[in-house]
Amino acid sequence: LKIESVEKDFYGRKIMITAGPTIEAIDPVRFITNHSSGKMGYAIAEAASKRGASVTLISGPTNLSPPSDVKLVSTSSTLDMYEAVMEHYGEQDIIIKSAAVADYRPNSTVDKKIKKQEGDLTLTLVRNPDILYELGKIKDNKVLVGFAAETDNIIEYAKEKITKKNLDLIVANDITQEGAGFGVDTNIVYLIDSGNNIKKIDKSNKTDIAHQILDKIKECL
Ligand code: CTP
Ligand code: CA
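Cut-offs and rules
Residues numbered from 1 in each chain as written. Chains lettered and ligands numbered in written order. Predicted model: local features only at pLDDT ≥ 70, side-chain atom pairs only at ≥ 80, totals over all residues. Helix = DSSP H or I, 4+ residues; strand = E, 2+ residues; numbered from the N terminus. UniProt positions renumbered as here; feature names shortened; annotations may be inferred. Buried ≥ 20, exposed ≤ 12 C-beta atoms within 10 Å, placed from the backbone. Contact = placed C-beta atoms within 7 Å. Core = buried A, V, L, I, M, F, W, Y, C linked by C-beta atoms within 7 Å. Near = placed C-beta within 6 Å. Nonpolar A, V, L, I, M, F, W, Y, C, P; charged D, E, K, R; others polar. Pairing = 2+ DSSP bridges. pLDDT = per-residue confidence, 0-100.

Moving on: unusual backbone geometry. Residue Asn153 is not a glycine yet carries a positive backbone phi of 45°. Looking at the secondary structure, you find Asn153 in the loop between β9 (143–150) and α4 (154–165).

Attention now moves to the UniProt feature "binding site: CTP" (unreviewed entry) in the protein. Summarizing the sequence annotation, UniProt attributes the feature "binding site: CTP" (unreviewed entry) to Asp103, Lys113, Pro129, Asp130, Ile131, Leu132, Phe147, Lys161 and Lys165 in the numbering used throughout. A maximum C-alpha distance of 37.8 Å is found for the annotated residues, which run over 63 residues; spatially they are spread out rather than grouped. Residue position: Asp130 is located in the loop between β8 (125–127) and α3 (131–138). Mapping Lys165 onto the fold places it in helix α4. Taking the C-beta count within 10 Å as the criterion, Lys165 has 21 such neighbours and is therefore assigned buried. Excluding residues within four positions of it along the chain, Lys165 makes contact with Leu132, Tyr133, Gly136 and Gly146.

This part covers the nonpolar core. Counting 51 residues, the largest nonpolar core has Ile17, Ile44, Ala48, Val145 and Ile170 as the members making the most contacts within it. Among the elements that line this core, the one with the most residues is helix α1 (residues 39–50), at 7 residues. Every residue in contact with Ile170, bar those within four places of it in the chain, is listed here: Gly146, Phe147, Ala148, Ala158, Lys161, Ile162 and Ile192.

On to the site of ligand 1. The immediate surroundings of ligand 1 are formed by 14 residues, with Lys97, Val101, Ile131, Leu132 and Gly146 found nearest. Going through the elements one at a time, α3 and β9 are the ones with two or more residues in the shell around ligand 1. Here the shell around ligand 1 takes 4 residues from β9, the largest share from any one element. Of the residues belonging to the shell around ligand 1, the class tally is 7 nonpolar, 3 polar and 4 charged.

Okay, the environment of Val6 next. Along the chain, the position of Val6 falls in the segment before β1 (14–19). Judged by the 12 C-beta atoms lying within 10 Å of it, Val6 falls in the exposed class. The spacing of Val6 and Lys50 is 44 residues in sequence and 6.9 Å in space, taken between C-alpha atoms. Apart from residues lying up to four places away in sequence, Val6 is in contact with Lys50 and Arg51.

Another aspect to go through is the pairing of strand β3 (residues 30–33). Relative to β3, strand β2 (residues 23–27) is paired through 4 bridges, and the arrangement is antiparallel. Residue pairing across strands places Ile23 opposite Thr33, the latter belonging to β3. In this antiparallel pair of consecutive strands, β2 and β3, the connection spans 2 residues.

Let us look at the confidence of the model for the protein. Overall, the prediction assigns the protein a mean pLDDT of 94, with 98% of residues at 70 or greater. Note on the complex model: pTM 0.94, ipTM 0.98.

What follows concerns the environment of Gly20. Note on placement: Gly20 falls in the loop between β1 and β2. Placed 157 residues apart in sequence, Gly20 and Gln177 show a C-alpha to C-alpha distance of 20 Å. Each residue touching Gly20, except ones within four places of it in the same chain, is listed here: Ser36, Gly38, Gly41, Ser59, Gly60, Pro61, Thr62 and Ala99.

Further remarks concern the environment of Lys206. Tracing the chain through its elements places Lys206 in helix α5 (residues 206–220). Taking the C-alpha atoms as reference, Lys206 lies 15 Å from Ile17; in sequence the two are 189 residues apart. Ignoring sequence-local partners within four residues, the contact set of Lys206 consists of Lys39, Met40, Ala43, Asp185, Thr186 and Asn187.

Here it is in structure tokens:
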């Protein structure tokens, strides 16, 4: 028998978490997407829910089952996710954007399969909206948390994103390190707040990291 006792320190708080990838259709059989298992976002959703928060999880396609007591909104493209986020934004206290959002989408999707031809195929990609940037522009007294998956200059790039997107906190990880990032159950992250305080969390499982992110968010409330 395992009895879990978790302090309900997020009781009464409304948290929206985005997780997983977005996918952009080229035609009915082909798409472009980003690496993302959704594990980090789902771990935060589960941890927040256990700590008493009302959680809305906006998720791109993953193989994960949503934690119990979480309101799941399933999305596909970046534009879908943008719409779902804006629909639920108003009532939230905290927004955590762990989704791996596709920065570009094909300029047009065709409803018939593109037949293979001789020679190459050229795709034109257009910019998607930056959901987090848009939220940063309208932020009032909500806590806004972003993620940054980087391969180099992690701290510098993450700090730039805090400023540009008007964030309270960013969770930055170096995806080139073993045991960090996509697909795996562990992560190695830096928590950087808008006051430039940096905290490194050594390799830990995503549930532990989720709780540490929530602990840090509590300081921002
Ligand atoms: N993000 C978003 N909408 C986008 C792109 C990113 O909401 N169209 C969010 C992500 O969910 C993440 C944060 O912005 O929380 C940073 O994403 P990232 O891809 O690291 O940053 P970008 O600003 O897209 O810059 P780049 O990909 O060039 O590093
Ligand atoms: Ca990006």
